[in-house]
Amino acid sequence: MRKRWLAAVLLVSVAAGCGRGDGGGGDTAQAVKDGKATGEITVWAMGTEGEKLAEFAKAFTAENPEAKVSVTAVPWDSAQQKISSAIAAKQTPDVSMIGTTMQGEIAKTGALDATPTELFRKDAFFPGAWDTTVVDGTPYGIPWYVETRGIYYRKDLAAKAGFPDGPKTWDDLTAMAKALQQKAGAKWGISLQPGKTGSWQSILPFGWSNGASLNTGDKYTFDTPQMAEALAYYQSFFTQKLSPDNLPQGALEPAFVRGEIPMFMSGPWHVGILNEQGAKDKFGIAPMPAKQSSTSFIGGSNLAVFKDAKNRDAAWKFLAWLSKPDVQVKWYQAVNDLPAVQSAWDDPALTADPLLKVFGTQLESAKSPPTFPTWTQLAATFDVEAEKVCVAGADPAAALKAVQSQADSLGTGS
Amino acid sequence: MTRDRLAKISLYGILSAGLLVVVGPFVWMLLSSFKPEAEIRSVPPTWWPSTWTFDNYRTLFDRLDFPQYFTNSVIVAVLVTVGNLLFCSLLGYALAKLDFPGRKALFLTVLGMLMVPGMVTFVPQFVLVSNLGLANSYAGLVLPFLAGPFGVFLMRQFLLAIPDDLIEAARIDGAGEWRIFWRVVLPLCKPALATLGILTFLSSWNNFLWPLVVATTDDKYTLPVALALYSIGQNRMYFGLLLAGAVVVVIPVLIVFLALQKHFMRGIATTGLK
Amino acid sequence: MTALLEAPPAVKRAEPRKHRRKMIGWAFAAPFTALFLIFGLLPVVASLVMSVTDMRATDLRTPLAVNFVGLDNYTRLFSDDLFVRSAINTLIFVVVGVPLTIVAALAAANALNSGLIRFRALFRVGFYLPVVTSIVAIAVIWRFLLDPQAGLVDNLLARIGVDGPAWLQDTRTSLGSLTVMAAWRNFGSLMVIFLAALQGIPQDLYEASRLDGAGRWQQFRRITIPLMRPALLFGAVITGIGYLQLFEEPLVMTQGGPLSSTLSVSYHIYNQFGFGNYGYAAAASYVLFVAIVALSVLQFRLLGQRDD
């Protein structure tokens, strides 16, 4: 009896509630009260950030003695699951770190608080990073740290191959990979990600550098000549056997140190890994090779405040503190996260490092995919299709058509 | 004679080879957890660590609030196990030995639940637990797992095989139903209880997704959640930490299993599972 | 019930006692049933309702403001290339994996039962070890074993002059590798069940056939297999139900790749939940549920023959 009654109630309420409102997007920001932060601020953060933020936040509580910051570390792999379950159950913390690519989907639930504009200046941040917080024209949260992609290469082998400063253009990249293989005696010319999870982050920069755009207004545009040309170019590294297509996880770095893979595309975290593995000072980093432009991908993480936050004002004050340029520099020194605030890059701590400078320059123009709620799903489709192109030799234009038709049937979700 | 001996030797040979294939990887895991990061990834791989190091364990224990997560895991696994033993044997007894209206329907519903893929109820379950105000509490971690359909199935099958005479005899002696259950039935169920206990403890101990979501602050994390947190970075993996973490998760269940394995095997032999 | 019908005179006197019995039955059933209704059945009903709506993660704050779409999600499933692909993969996995697991378990159980007493407990515990180990640990181990560079398997193959493949990165070997791994992980639990069944076979049957001049193989075929049939069927079906829900292996080993060659139905569902397509994912779950029920009905049909 009981179950029938419940089922009936659920069915009736579903039927009665047909159609949906606007959800998130288009909120107006509310002001944050002046004064010092007080009370407990609960924060979720992933990875190293989750581990180190609690200690770091002590400087904030020193300035705001009546506030307390409680950080809970969340595993990266399951972050989205945890956050969306929390939203469903209204069990959110005050603040959460949010990967830039999850932003659209999470903001669209209406669970995030619109960024109070009097506390944050849009032009203080890298424009590509700020864009990742904006959903339906309203910013939800702020960029915390950023990352972007460049080309890592072994200096000694690059010199042998005749490209001591790395590649400058698409033609250079192909020529250099060939020369590394033939003249410098490396097993491979370069390692590019052969499709699979996250490979869109490597492929899209080639598209953007070729003038492609992923959306016009509120419609996805994967199927463009510019993107097709970029994907075909990307594929050429696999068809010409310049890049391996079945490298297991963790095999890249040792092969780079041994000189078997003399070049690869990756983000700033690889500097630390390579230094640890004994390649310190042996490698250089070049910006994305240019076609029409040299445009990379901007990733990283945002910080957002939830509408259900118990301590909203203090939460925003904490975020304001985290985005102060000097705090951003200190955070970089603590965990190597690149500052999302542009002026932080003028600090000697960052200007002193020539490798960082490459990323710094790249960040000024780097782009991010649109913050549509369906983006994560389309990114996965893109990865699957890209794998067919790289590994199985599928036609790039047909692959993009497949992604586009999926995009058309899903819509943007907004 | 010699032929028999030959057969015996080759049998031992085959079994030992099988054991090597099954247990070898675990030995390798244990040994490798004492290797430095670079040696773990070395080509060709080594069996015996050329340098012994406790760094992986040290880092693991330094970065984890280990006693807290361990305690949480133990509390949750023990409560879930005890609850299942009690509730499943109660219902199993009722289904096998007592007649009451709706018995068959209840059994079929419980059995049907065995076949529902776990993922499907995940989100509604969490919304429910949160609305009951149980998020981030031990109750929230434990309650949804107290009524496991598998345990009911197991206990019912086992109890069906117990002769009614024993129960009737006790009833004639004037024992109350609760007393019969507690003094007559449960002691007979020891092997089945051991089997159910181990299986429940195992699945609770290894559960990942539920504690991940229910624990909103890390003082309620269990071991598997904590390990996922620290061993897998966003852009890189720490193989040494992973291996050490795997050893730390496996050892406690191994001890529980070894301690109870005799009863466990007998339980399987005597339940309907054969 | 039948006992009561056979003794009509007792009915009247037994009436209050019968009522008491009913109460007692429910008293014993009540604690479990209460928990089960709230934490088991209620979420199942909710997700069933979800499967006929277009609910997405973006509706989480207003779960009642979704559209009723009837069976749309279900029909869409069968035109979803990835779902079809995952169904085929899962089927292959079940069809190959179940017999493989059973043969391994049967071989181990027979070897352990053939008069060999010493070290039996050791072997039994050893073979059971993977069953008690968490998938996280198993994944760590196997990723290393199958690594084409640093892995034990390919290094052993290299010693005998074979150039081993990149097991998990090659579409030709990825699903097969996972199948072997699943058999390795699960055969221990079947072995224990088979061992129990073997010990229930009376020894004199073997002796009688030995007197008739039957060899080991003939004994195995004529006595062991027929008498173990219920256990074998039970093993086949519980393994089948488990394997139909293949999820953890691809999740931790291959993420469904390469080229979706190890994408299983459960993993596809998990992904759809991840993408926030709650209604769609719930519908896919119920399709899987139907497949499992179909297999289980088969189990009860086949196991039912035991009572004949």
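Within each chain, residues carry numbers counting from 1 in the order of the written sequence. Naming scheme: in the order in which they are written, chains are lettered from A and ligands are numbered from 1. Local features in this predicted model are restricted to residues whose pLDDT is 70 or higher, and side-chain atom pairs enter the listing and the counts only when it is 80 or higher, whereas totals over whole chains, interfaces and linings include all residues.

Draft legend 1. Region of interest: the overall build of chain A. Along the backbone of chain A there are 18 helices and 13 strands. Over its C-alpha atoms, taken along the principal directions, chain A stretches across nearly 70 × 55 × 40 Å. Exposure is read from a count of other C-beta atoms within 10 Å of each residue's own; the residue is exposed at 12 or fewer, buried at 20 or more and partly exposed in between. C-beta atoms are placed from the backbone. Out of the 414 residues belonging to chain A, those deemed buried represent 57%. Placing a C-beta atom from the backbone of each residue, one calls two residues in contact when those atoms lie within 7 Å. Relative to all contacts within chain A whose residues are 6 or more apart in sequence, the contacts with residues 24 or more apart total 76%. Counting from the N terminus, the helices are the DSSP runs of H or I reaching at least four residues and the strands are the DSSP runs of E reaching at least two.

Draft legend 2. A look at the overall build of chain B. The secondary structure content of chain B amounts to 14 helices and zero strands. Taking 19 Å as the expected radius of gyration for a compact globule of 274 residues, we find that chain B reaches 23 Å, considerably beyond that expectation. Once the C-alpha set of chain B is aligned to its principal axes, its extents read approximately 70 × 70 × 30 Å. Looking at chain B residue by residue over its 274 residues, the buried ones come to 47%. Our radius of gyration looks at C-alpha atoms and nothing else; its globule reference is 2.2 Å times the residue count to the power 0.38.

Draft legend 3. Spotlight on the sheet that holds strand β7 (residues 150-154) of chain A. Residues and elements named next belong to chain A. Paired strands, as defined in this entry, are two strands with at least two bridges between them according to DSSP. The strand order β10-β7-β11 describes an open sheet built from three strands, whose pairing is antiparallel. Two strands close off the open sheet at either side, each with one partner strand: β10 (263-266) and β11 (283-286). Pairs of neighbouring strands in the sheet enclose a mean axial angle of 25 degrees, with direction left out of account. Pairing analysis gives four bridges linking β7 to β11, with the strands arranged antiparallel. By the bridge assignment, tyrosine 153 is partnered in β11 with glycine 284. Convention adopted: a line fitted to C-alpha atoms gives each axis, helices being fitted over their contacting stretch, and angles between N-to-C directions are expressed from 0 to 180 degrees.

Draft legend 4. Highlighting the confidence of the model for chain A. On average, residues of chain A score 88 in pLDDT, and 93% of them are at 70 or above. pLDDT measures the predictor's confidence residue by residue and takes values from 0 up to 100. Long-range and interchain partners of residues 1-19 of chain A, a stretch whose pLDDT sits below 50, account for 25 contacts in this model, where long-range means more than four residues apart.

Draft legend 5. Examining helix α6 (residues 122-131) of chain B more closely. Residues and elements named next belong to chain B. Extensive coverage of α6 is indicated by the burial of nine of its 10 residues. Those residues of α6 lying buried are Phe122, Val123, Pro124, Gln125, Phe126, Val127, Leu128, Val129 and Ser130. Immediately downstream of α6, the backbone of glycine 133 shows phi near 75 degrees, a positive value.

Draft legend 6. Highlighting the packing of helix α5 (residues 120-132) of chain C against helix α8 (residues 174-199) of chain C. Residue and element names in this part refer to chain C. α8 packs onto α5 with a crossing angle of 120 degrees between their chain directions and a minimal axis gap of 7 Å. When the axis of α5 is compared with that of α8, the two are oblique. Here the hand of the crossing between α5 and α8 comes out left-handed. Across the interface between the two elements, Phe127, Tyr128, Pro130 and Val131 of α5 pack against Trp184, Arg185, Asn186, Gly188, Ser189, Met191 and Val192 of α8. Of the residues contributing to the contact of α5 with α8, the split by class is seven nonpolar, three polar and one charged. Orientation labels follow simple angle bins: below 35 degrees gives roughly parallel, above 145 gives roughly antiparallel, 65 to 115 gives roughly perpendicular, and whatever is left gives oblique. It is the rotation of the near helix from the far one that decides the hand of a crossing: anticlockwise by less than a right angle makes it left-handed, clockwise makes it right-handed. Residue polarity follows a fixed list, in which Ala, Val, Leu, Ile, Met, Phe, Trp, Tyr, Cys and Pro are nonpolar, Asp, Glu, Lys and Arg are charged, and the others, Gly among them, are polar.

Draft legend 7. Highlighting the interface of chain C and chain B. Each partner contributes residues to the interface: chain C has 64 residues there, and chain B has 64 residues. At 19 residues, helix α2 (residues 8-50) of chain C tops the list of elements feeding residues into the side of chain C that touches chain B.

Draft legend 8. Representation of the domain arrangement of chain A. Residue and element names in this part refer to chain A. In this entry, domain limits derive from an automatic or database-based domain assignment. Partitioning chain A into domains gives domain 1 (30-147 + 298-365) and domain 2 (150-296 + 371-410). Distance from the C-alpha centre of domain 1 to the C-alpha centre of domain 2: 29 Å. Taken together, the 19 residues of domain 1 in the interface contact 18 residues of domain 2. Counting residues per element, the ones that place at least two in the side of domain 1 that touches domain 2 are α5 (103-108), β4 (134-135) and α16 (354-365). Ranked by the residues each element gives to the side of domain 1 that touches domain 2, the list is headed by α16, at six residues.

Draft legend 9. Structural context of helix α12 (residues 269-276) of chain A. Residues and elements named next belong to chain A. All buried positions along α12 are accounted for by His270, Val271 and Leu274. Considered in projection along α12, the buried side chains sweep an arc of 110 degrees and stay on one side of the axis. Packing partners of the buried residues in α12 comprise β7, α11 (252-258), β10, β11 and α16. Positive backbone phi, at 90 degrees, marks glycine 278, one or two positions downstream of α12. What the arc measures is the spread of directions leading from the helix axis to the C-beta atoms.

Draft legend 10. Just the pairing of β7 of chain A, in detail. Residues and elements named next belong to chain A. When you tally the buried positions in β7, you get five out of five residues, the bulk of the element. The sheet contact formed by β7 and β10 spans four bridges and is antiparallel. When the bridges of β10 are listed, tyrosine 153 appears paired with methionine 263.

Draft legend 11. Representation of the sheet that holds strand β1 (residues 39-46) of chain A in the model. All names here are of chain A. The sheet built from six strands is open, its strands ordered β2-β1-β3-β12-β6-β13 with mixed pairing. In the strand order of this sheet, the two ends are held by β2 (67-74) and β13 (338-339), each with one partner. Sheet topology note: the strand β3 (residues 95-99)/strand β12 (residues 298-305) ladder contains five bridges and is antiparallel. By the bridge assignment for β12, serine 96 is matched with alanine 304. The strands touched by helix α13 (residues 312-322) are β1, β2, β3, β6 (142-148) and β12; relative to β12, the strand with the most contacts, the crossing angle is about 150 degrees. Contacting β6, β12 and β13, α16 crosses the sheet at an angle of about 120 degrees to β6.

Draft legend 12. Local environment of unusual backbone geometry. A positive phi angle is found at lysine 196 of chain A, which is not glycine, with a value near 70 degrees. Mapped onto the fold, lysine 196 of chain A is located in the loop between α8 (170-182) and α9 (200-209). At leucine 259 of chain C, a residue that is not glycine, the phi angle is positive and equals roughly 50 degrees. In this structure leucine 259 of chain C comes out as partly exposed when scored by C-beta crowding, with 19 C-beta atoms within 10 Å.

Draft legend 13. Region of the structure containing the nonpolar core. Within the largest apolar cluster, 288 residues are counted, with the highest numbers of intra-cluster contacts made by Leu91 and Ala246 of chain B together with Met191 and Phe194 of chain C. Per-element accounting of this core gives the leading share, 14 residues, to α8 of chain C. Three or more residues apiece are contributed to this core by two domains, here domain 1 (30-147 + 298-365) and domain 2 (150-296 + 371-410) of chain A. Those residues in contact with leucine 91 of chain B that sit more than four places away from it in its chain are Val152 of chain B together with Phe28, Ala29 and Phe32 of chain C. Here a nonpolar core is just a set of buried residues of the types Ala, Val, Leu, Ile, Met, Phe, Trp, Tyr and Cys, joined wherever their C-beta atoms sit within 7 Å.

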